[in-house]
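# Per-entry structural report
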Amino acid sequence: MNDIIHLLPDSVANQIAAGEVIQRPASVIKELVENAVDAGATDVHVIVKDSGKTSIQVIDNGKGMSDTDARMSFERHATSKIDKAEDLFSLRTMGFRGEALASIAAVAQVELKTRTADEEVGTCIVIEGSEVKRQEPVACAVGANFMVKNLFYNVPARRKFLRSEHTELNNIITEFEHVALVNPDIHFSLYNNDNCLFDLPATTLKKRIVDVCGKKVNQWLLPIKVETSLINIGGFIAKPEFARKKALQYFFVNGRYMRHPYFNKAVAEAYDKFIPQGLQVPYFIYFDIDPANIDVNIHPTKTEIKFENEQYIWQIIISAIKESLGTFNAVPSLDFDTEGVPDIPAMGSVRNVSVPQVDIDKSYNPFAGNRENGLYRSNLRKAPADWMNLYEHESKSASEGEILDNWKNDMEQPSGMPDDYSGGGMMVHSAMNDDASSLFGEQDYGCETAHIRFKGKYLVTSLKTGILIIDQHRAHVKILYDKYLNRIGSGSGASQQVLFPHIIQLSPAEAVTMEKIMPELEAMGFDFSNLGNGNYAVNGVPADISDGEQSDLINDIIHATIAECEKNVKEDLRADIALSLAKASAIPYGRVLSDKEATELIMQLLCADIPEYTPEGKKIAYVIEDKDIDKFFR
């Protein structure tokens, strides 16, 4: 009988392992920079070409390696971080698996020059596809100099699935920031195609956060610090008024970046009463805990960490945040509007309060009066016939007939509608019957139909076959999305110049994204001037965006684009920008529309392509048919 199980060659095993450890150029930089930190480096320089697709170079001044260690470091499971299994529960280093260098060498062409302080000559080793090509003495500085070329050159399928240079550069910046934010005592620099993206001198933690994330964060940083027998928590949180839709949120534990949705919910819980729903608060929170109480050996990327006492840490996080907010008086206070309020004098010490008297006309009979057709006509005073005063803001000198005619004309021809528009059909989903067709068909919907505004969120109007319920915010998002997308495609955005240019400050990661989306923003009607160092002057804004909103709008667009950085198709980028602008400019929930505004919104929605869904696929409108309403009254 022939044996069918055999041992894989090291080169094949290394390529399989590299699939988890090395996913893209950013993974190489993460592993090499973390190794430099573990080696005690005080200067770490990262140089990439074509966002890491051509070459990646990491230079450090750490302790370096001997020629034997340099050769051994590229073997699988070769490490200087641990000696036995028990060491996993006392880890203070970034790496420990001994897989990184072996995985990198399996899928790239690697050259390492390294020297220790007690040696006069260093060593140079060249490896391609896990095969050592040569090793020879070389003159070099103390530390390590890694050059990684042609990543995935021998795995074409993996190289083909690398994203655009912008996407890969964003991922590199993200990994670089994770290491830089937790090691403020180390000098870091990052270059891409000879352009300096970061040059971070050794400094304090707060200054490092400002250097990495931009000067704008300096105004909202609040320190947080608590020490317990279980865990020590430090770092910075944001004031509630700086909550955004997309925020910078970082957790670090024992000098290691981590993702932890459970603790993120604890932060959200601490801010629950202070910020609107749907917004996020920036934070940089650092944990210092006994390594025996955590497990970092869950995933090769080491960003998922298991804590032994998560529920207790949850409570500590909430208490620490609330204490910081209270200490620095960052909780929003009640601000009552006293303008126009009558001055009520304070009551003196002597209080002569008399009981109010009520006069009752016992002879009054509401049914007294003339009897007509078996009914009593009440003597109650009729409502005055001056109801037209309610419409004085329309035209004080107009007659009743003129006002009604003008209002009717406005309803029949909303602004932005075609001259020959006379209503039309709409595709919506039946809220009461999932089996019913979603085709709304031709309905007897006229401009004079009355609308009910419900809780500043929904518009309710009658149809020939039932009742139509529309989410006003989603409807407006759909209308604006179509308009902005068409404007970007045609480049027909009208720009209005601002009196005083507004300066926005962006972090290096945000500046990279800004350069990518600037042509689309300019097609929308924005006018920018690049002032350098991540500063941009906004000289003009689209005609339908009010001055003063552009800073938040641009930040929302940039963060949404970074979140969708996997997309590298130009049409997808335009759709993301149009959707971000539409969400930021749409009618907010809680605003009660006038009847004219409600009518115009409905008519514009009816003219839209696929008006039943938002660009994200959420329902905009529902129809409750007459037959379904009748079921409630049987």
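Counting starts from 1 at the beginning of each chain's written sequence and moves along it residue by residue. Residues qualify for local features only when their pLDDT is at least 70, as the model is predicted, and side-chain atom pairs are given and counted only at 80 or more; totals for whole chains, interfaces and linings, by contrast, use all residues. Just so you know, side-chain values use all the structure's heavy atoms and leave hydrogens and water out.

The secondary structure content of the protein amounts to 16 helices and 25 strands. Summarising the internal contacts of the protein: among those between residues at least 6 apart in sequence, 69% fall at separations of at least 24. Strands here are runs of E lasting at least two residues and helices are runs of H or I lasting at least four, both read from the DSSP assignment and numbered beginning at the N terminus. Residue contacts are counted whenever heavy atoms from the two residues lie within 4.5 Å of one another.

Moving on, we get to helix H11 (residues 472–490). Any helix carries an expected span of 1.5 Å times its number of residues minus one. In a regular helix each residue adds 1.5 Å, so 19 residues correspond to 27 Å; H11 covers 27 Å between its end C-alpha atoms and thus fits that length. Within the sequence span of H11, burial applies to Gln472, His473, Ala475, His476, Val477, Lys478, Ile479, Leu480, Tyr481, Tyr484, Arg487 and Ile488. Just beyond H11, the residue with positive phi is Gly491, at close to 65 degrees. Three exposure classes are used, based on accessible area relative to the maximum for each residue type with a 1.4 Å probe and protein chains only: buried under 20%, partly exposed in between, and exposed over 50%.

Once that is clear, we can look at the packing of helix H2 (residues 25–38) against helix H4 (residues 100–107). Here an angle of 0 to 180 degrees is reported between the N-to-C directions of two axes, which are lines fitted to C-alpha atoms, with helices fitted over the stretch in contact. Where H2 contacts H4, the two axes come as close as 10 Å, and the packing angle between them is 140 degrees. Judged by the angle between their axes, H2 and H4 are oblique. As H2 packs across H4, the resulting crossing turns out to be left-handed. Contacts between H2 and H4 involve Val28, Glu31, Leu32 and Asn35 from the former and Ala100, Leu101 and Ile104 from the latter. The residue classification treats Ala, Val, Leu, Ile, Met, Phe, Trp, Tyr, Cys and Pro as nonpolar and Asp, Glu, Lys and Arg as charged. All others, Gly included, are polar. Broken down by class, the residue content of the contact of H2 with H4 amounts to five nonpolar, one polar and one charged. For classification purposes, angles smaller than 35 degrees are called roughly parallel, those larger than 145 roughly antiparallel, those between 65 and 115 roughly perpendicular, and all remaining angles oblique. Left-handed is the label given to a crossing in which the near helix is rotated counterclockwise from the far helix by less than a right angle, and right-handed is the label when the rotation is clockwise.

Look at H2: 20 Å from first C-alpha to last across 14 residues, which is about the 20 Å you get at 1.5 Å a residue. Taking burial as the measure, the 14 residues of H2 include 13 buried ones, the bulk of the element. Remark: Gly40 follows H2 within two positions and exhibits a positive phi of approximately 80 degrees.

Centres within 6.5 Å make a pair out of two Phe, Tyr or Trp rings, where for Trp the six-membered ring is used; the pair is then stacked when the planes are under 30 degrees apart, edge-to-face when over 60, and tilted otherwise. For the coordinates displayed, the defined rule picks out 17 aromatic pairs. Here the aromatic rings of Phe287 and Phe307 are separated by 6.2 Å at their centres, their planes lie at 90 degrees, and the arrangement is edge-to-face. With a gap of 20 residues between them, Phe287 in strand S13 (residues 283–289) and Phe307 in strand S15 (residues 306–307) connect regions that are remote in the sequence. Taking relative accessible area as the criterion, Phe307 reaches 2% and is therefore assigned buried. A ring is scored as having a charge over it whenever the NZ atom of a lysine or the CZ atom of an arginine sits within 6 Å of its centre and within 35 degrees of its normal. Between Lys457 and the ring centre of Tyr589, over which it is positioned, the NZ or CZ distance is 5.2 Å.

Right, let's get into the nonpolar core. Only buried residues count toward a nonpolar core, which is a set of Ala, Val, Leu, Ile, Met, Phe, Trp, Tyr and Cys residues joined through side-chain atoms within 4.5 Å. Membership of the largest hydrophobic core comes to 99 residues, with the highest contact counts inside it found for Phe188, Phe287 and Phe307. Ignoring anything within four residues of it in the chain, the contact list for Phe287 reads Ile231, Asn232, Ile233, Phe251, Phe252, Val253, Asn254, Met258, Phe263, Phe307 and Ile317. Listed in part, the 30 residues of the second largest apolar core include Val477, Tyr484, Leu521 and Ile558.

Attention now moves to the pairing of strand S2 (residues 55–60). A large share of S2 lies buried, amounting to five of its six residues. We treat two strands as partners when DSSP finds at least two bridges between them. The sheet contact formed by strand S1 (residues 43–49) and S2 spans six bridges and is antiparallel. The residue of S2 that forms the bridge with Ile47 is Gln57. The antiparallel hairpin formed by S1 and S2 contains five residues in its connecting segment, where Asp50 sits at a positive phi of about 55 degrees. Where S2 meets strand S6 (residues 143–149), six bridges bridge the pair, whose relative direction is antiparallel. Each bridged residue has a counterpart across the sheet, and for Gln57 the counterpart in S6 is Met147.

Right, let's talk about the side chain of Gln472 for a bit. Here Gln472 shows up in helix H11. Overall, the relative accessible area of 1% leaves Gln472 in the buried class. In this structure, Gln472 is in contact with Gly456, Lys457, Leu459, Ile587, Pro588, Arg591, Leu593 and Leu601, ignoring residues within four places of it in sequence.

When charged atoms on two side chains of opposite charge get close, those side chains can pair. Only one rule defines a salt bridge in this text: a Lys or Arg side-chain nitrogen within 4 Å of an Asp or Glu carboxyl oxygen. Per the stated rule, a full pass over the model turns up 15 salt bridges. Of the charged contacts in the structure, one is a salt bridge between Lys207 and Asp211, with a shortest N-O distance of 2.8 Å. Here Lys207 pairs with Asp211, and both are found in helix H7 (residues 205–213), just four residues apart, close to one helical turn. Given a relative accessible area of 24%, Asp211 falls into the partly exposed group. Close ionic contact of Asp471 with Arg474 constitutes a salt bridge, the shortest N to O distance being 3.9 Å.

Taken together, three strands build an open sheet; the order of strands is S22-S24-S23 and the sheet is antiparallel. One side of each edge strand has no neighbouring strand; the edge strands of this open sheet are strand S22 (495–505) and strand S23 (527–532). The mean inter-strand angle of the sheet, taken between neighbouring strand axes irrespective of direction, is 15 degrees. Pairing between S23 and strand S24 (residues 535–542): five bridges, direction antiparallel. Looking at the pairing, Phe528 lines up with Val538 of S24.

Let's shift gears to the pairing of S24. Counting buried residues in S24 gives seven out of eight residues, a clear majority hidden from the surface. Bridge count for S22 against S24 is seven bridges, and the pairing is antiparallel. Considered in S24, the bridge of Gln505 is made with Asn535. Hairpin connection from S23 to S24: two residues lie between these consecutive antiparallel strands, with Asn533 at a positive phi of about 55 degrees.

On to the packing of H11 against helix H12 (residues 508–524). The interhelical angle for the contact between H11 and H12, taken along N-to-C directions, is 110 degrees, at an axis separation of 8 Å. Relative to H12, H11 is oriented roughly perpendicular. For the pair H11 and H12, the contacting residues are Tyr484, Arg487 and Ile488 in the first and Glu520, Ala523 and Met524 in the second. Here the contact of H11 with H12 is built from residues that sort into four nonpolar, no polar and two charged.

Turning to the confidence of the model for the protein, a few remarks are in order. pLDDT measures how confident the predictor is about each residue, on a scale from 0 to 100. Averaged over every residue, the pLDDT of the protein is 77; the share at 70 or more is 72%. Low pLDDT, under 50, characterises residues 565–569; the predicted model gives this stretch 12 contacts beyond four residues in sequence or across chains.

What follows is about the sheet that holds strand S9 (residues 221–227). Ordered in space as S9-S10-S13-S11-S12, the five strands form an open sheet in which the pairing is mixed. Only two strands of the sheet have a single neighbouring strand rather than two, namely S9 and strand S12 (256–258). Put simply, the sheet's adjacent strands are angled 20 degrees from each other on average, direction ignored. Where strand S11 (residues 249–253) meets S13, five bridges bridge the pair, whose relative direction is parallel. In the strand pairing of S13, Gln249 is matched with Tyr283. In the packing of H7 onto the sheet, contacts are made with S9, strand S10 (231–238) and S13, and the angle to S13 comes to roughly 135 degrees.

Here the focus is the environment of Ala26. With respect to the helices and strands, Ala26 occurs in helix H2. The exposure class assigned to Ala26 is buried, which follows from its relative accessible area of 2%. Considered as a pair, Ala26 and Phe176 are 150 residues apart in the sequence and their alpha carbons are 8.2 Å apart. Apart from residues no more than four positions distant in its own chain, Ala26 is found in contact with Asn171, Ile172 and Glu175.

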